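Listed below are the residues making up each chain.
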Amino acid sequence: MAIKAIAMDIDGTLTNDQKVISPRTREKLLAAQESGIKLILASGRPAWGLRALAQELDLQNHDGLLVAFNGAHVVDAQTDEVLFDQAMPADELHRLIDHLRNFDVIPMISLGRDLHVEDSYHCMITLPDGSQKNIVKYERDACDLKIREVESLHEVADAYPVDKLLTAGDPAYLQAHYEEMYAPFKQTLSGMFTADWYFEYTAPGIDKARALEGALPKLGIDASEVVSFGDGQNDKSMIEWAGTGVAMGNAVDEVKAVAQMVTADNNEDGIAVALDKLLG
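Below or above, wherever it landed, is the structure these notes cover. (Residues numbered from 1 in each chain as written. Predicted model: local features only at pLDDT ≥ 70, side-chain atom pairs only at ≥ 80, totals over all residues. Heavy atoms only, no water.)

## Remarks on helix H7 (residues 208-215)
How we decide: Three labels apply to residues, based on accessible area from a 1.4 Å probe with only protein chains included: buried if under 20% of the type maximum, exposed if over 50%, partly exposed otherwise in between. Runs of H or I in DSSP of at least four residues are treated as helices and runs of E of at least two as strands, each being numbered from the N terminus. To be clear, the arc concerns the directions from the helix axis to the C-beta atoms. By definition in these notes, contact holds between two residues if any of their heavy atoms fall within 4.5 Å. The definition of a polar contact used here is a pair of N or O atoms within 3.5 Å, where within protein one atom must be able to donate a hydrogen and the other to accept one, and adjacent residues in sequence count solely through side-chain atom pairs.
Listing the buried residues of H7 in full gives Lys208, Ala209, Ala211, Leu212 and Ala215. All buried residues of H7 fall inside an arc of 160 degrees around its axis, so they share one side. Where H7 is buried, its residues meet strand S1 (5-8), strand S2 (38-42), strand S3 (65-68), strand S4 (73-76) and helix H8 (236-241). N-cap assignment for H7: the residue whose side-chain oxygen lies 3.1 Å from the backbone N of alanine 209 is aspartate 207.

Set out below in C-alpha cells:
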C-alpha cells in the first residue's frame, strides 16, 4: 500500500545527539513531502518546541502536523489550528504536585513558550557517567522556552489547562522510584519515561498512537498508510499502530520488539536509511 504519512519522534530519532537534523535525513524528508507524503512530528515536547524543526522541514507549506506532549495536543502546522487537546484532570494534577514533593525530582510545566518551575536554581541532575546536567536549561534550550519561576506549580494548575507535567531527576534515582511516583495515579493519569532522566504525566489514555488515530482518518489517511519512527518508551504505541513501525538502532528494546524494521541509529541517518528502502 502507498505511504501517505511519515510520523517521527524528535529526540533520539529525527535529530542526532547534537539536536540537529542531518543533511541527508532532511533532504530525504523534503523529497518525500514534495511527492505528496505528509510529515508528522510526534514528540513529548510542547508544540512551541517543535516549531523550529517544523519550519526547517517546511511543514507549514505542506500541511504537516505537530503532535505535542506525547499526543495530548495536535496542531496543523500550516494553519495553527488545534485539532486535538486533552488537558490533565485538574484535581489529579494538584494531587500529583503535592505527591511529587516526596521525591528528589524537578517538576516542570510548559505552557506556550513558558517553562514554569518552582526553583530555577534547583536544576542539576547527575548522569550515569558522573557528569552534571542543568536539566532546566537543557529543556529550555531544546524547546526554545522562557523560564518562569513561580511560588508553586499549583498557581499554574489553577490558572490554565495543563497538558503535561514533566519530572526530571538522576536516571538512577528515577529507575529506583518511578513506580512509587506513579502508583497513586495509574488509574487516573498516563505516566512514562521519555528519556533516562525524564518521567512525565499526561491525561489518562494519552499516547502518540491515539493522537494519530484521531487526526489522520479525517485527512483520508489509514494506519496502514503510515510509517512511524521512534526510539523511546513513549514511541511504542505509535510504532505498533502504524502500518510500518520502524525502531531506531538506538531504540530501547521494548520498541525494537514491536517494530517491523530496525534501522540505523539517530547519528547514522536512520530515518533516511529506512526511507531509502521503503520509498526507493
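## Some words on the sheet that holds strand S12 (residues 190-195)
The test is simple: Paired strands are those between which DSSP finds at least two bridges. Interaxial angle, 0 to 180 degrees, is taken between N-to-C directions of lines fitted to C-alpha atoms, where a helix line uses only the stretch in contact.
If you walk across this open sheet you meet the 6 strands as S10-S7-S6-S11-S13-S12, and the pairing is mixed. Here the strands that pair on one side only, and so sit at the sheet edges, are strand S10 (146-149) and S12. For this sheet, the mean inter-axis angle between neighbouring strands, taken without regard to orientation, is 30 degrees. Taken together, the 5 bridges between strand S11 (residues 164-168) and strand S13 (residues 198-202) define a ladder with antiparallel strand orientation. Each residue of the ladder has a partner; that of leucine 166, found in S13, is glutamate 200. Each of S11 and S13 is contacted by helix H3 (residues 90-100), which is oriented at about 10 degrees to S11, the strand it contacts most. Each of strand S6 (106-111), strand S7 (114-117), S10, S11 and S13 touches helix H4 (residues 135-143); the most contacted strand, S6, lies at about 20 degrees to it.

## Quick look at H3
If you check which residues of H3 are buried, you get Glu92, Leu93, His94, Leu96, Ile97, His99 and Leu100. Where the residues of H3 are buried, they touch helix H5 (153-159), S11, helix H6 (171-182) and S13.

## A look at the nonpolar core
General note: in soluble globular proteins, nonpolar side chains tend to be found buried as a group. As a reminder of what qualifies: Working definition of a nonpolar core: buried Ala, Val, Leu, Ile, Met, Phe, Trp, Tyr and Cys residues. They are joined through side-chain atoms within 4.5 Å.
Among the nonpolar cores identified, the biggest contains 33 residues, and Ile6, Met8, Leu14, Leu29, Leu41 and Phe229 are the most heavily contacted of them. Sorting the residues of this core by element identifies S1, helix H1 (23-34), S2, helix H2 (51-56), S3, strand S14 (226-230) and helix H10 (270-279) as the ones contributing at least two each. In terms of residue count, H10 provides more of this core than any other element does, 3 residues in total. With 23 residues, the next largest nonpolar core counts Ile97, Leu174, Tyr182 and Phe193 among its residues.

## Side note on the packing of H1 against H10
Helix packing geometry: the angle between the two helix axes and the distance between the axes. To be explicit about the condition: Handedness of a crossing is defined here by the sense of rotation of the near helix relative to the far one, left-handed for an anticlockwise turn of less than a right angle and right-handed for a clockwise turn. Gly falls in the polar group here, along with every residue not listed as nonpolar (Ala, Val, Leu, Ile, Met, Phe, Trp, Tyr, Cys, Pro) or charged (Asp, Glu, Lys, Arg).
One way to put it is that H1 packs onto H10 with a least axis distance of 8 Å and a crossing angle of 35 degrees. In the packing of H1 onto H10, the handedness of the crossing is left-handed. Judged by residue contacts, Arg24, Thr25, Lys28, Leu29 and Ala32 of H1 engage Ile271, Ala272, Val273, Leu275, Asp276 and Leu279 from H10. In terms of residue class, the contact of H1 with H10 is made up of 7 nonpolar, 1 polar and 3 charged.

## Thoughts on the pattern of salt bridges
Definition in use: For this analysis, a salt bridge means a side-chain nitrogen from Lys or Arg found within 4 Å of a carboxyl oxygen belonging to Asp or Glu.
Within this structure, the stated rule accounts for 17 salt bridges. One salt bridge connects arginine 148 with aspartate 114, and the closest N-O pair in it is separated by 3.0 Å. Here the residue arginine 148 occupies a position in strand S10, and aspartate 114 occupies one in strand S7, the gap between them amounting to 34 residues. Judged by relative accessible area, which is 21%, aspartate 114 ranks as partly exposed. Through salt bridges with shared partners, a single network forms among Asp9, Lys208 and Asp235.

## Remarks on the layout of surface pockets
Spelled out, the test is: Think of a 1 Å grid over just the protein atoms. A cavity is a set of points where a 1.4 Å probe fits yet cannot get out, a pocket is an open set with protein on both sides within 12 Å along at least five of seven lines, and lining residues have an atom within 4 Å of a point. Grid points are joined across faces, edges and corners, and a volume is the space filled by probe spheres set on the points.
In this model, the largest pocket occupies a volume close to 960 Å³. Around the largest pocket, the lining comprises 43 residues; the ones closest to its centre are Thr194, Ala195, Asp196, Asp231 and Gly232. Contributions of two or more residues to the lining of the largest pocket are made by H4, S11, H6, S12 and S13. Space inside the second largest pocket adds up to approximately 240 Å³. Lining the second largest pocket are 14 residues, and of these Lys19, Tyr138, Asp141, Ala142 and Cys143 lie nearest its centre. Of all the secondary-structure elements, those providing two or more residues to the lining of the second largest pocket are H2 and H4.

## With respect to the packing of aromatic side chains
Ring pairs (aromatic) are described by centroid distance and by the angle formed between their planes. Rules: Any Phe, Tyr or Trp ring, taking Trp's six-membered ring, that has another such ring centre within 6.5 Å forms a pair; planes under 30 degrees apart are called stacked, those over 60 apart edge-to-face, and the others tilted.
In this structure the tally under the stated criterion is 9 aromatic pairs. Geometrically, the ring pair formed by tyrosine 138 and tryptophan 197 is edge-to-face, given 5.9 Å between the ring centres and 90 degrees between the ring planes. Taken together, the positions of tyrosine 138 in helix H4 and tryptophan 197 in the loop between S12 and S13 put the pair 59 residues apart, joining distant regions of the chain. We classify tyrosine 138 as partly exposed; its relative accessible area is 22%. Their ring planes at 70 degrees and their centres at 5.0 Å tell us that tyrosine 178 and phenylalanine 193 sit as a pair that is edge-to-face. Taken together, the residues tyrosine 178 in helix H6 and phenylalanine 193 in strand S12 connect sequence positions 15 residues apart.

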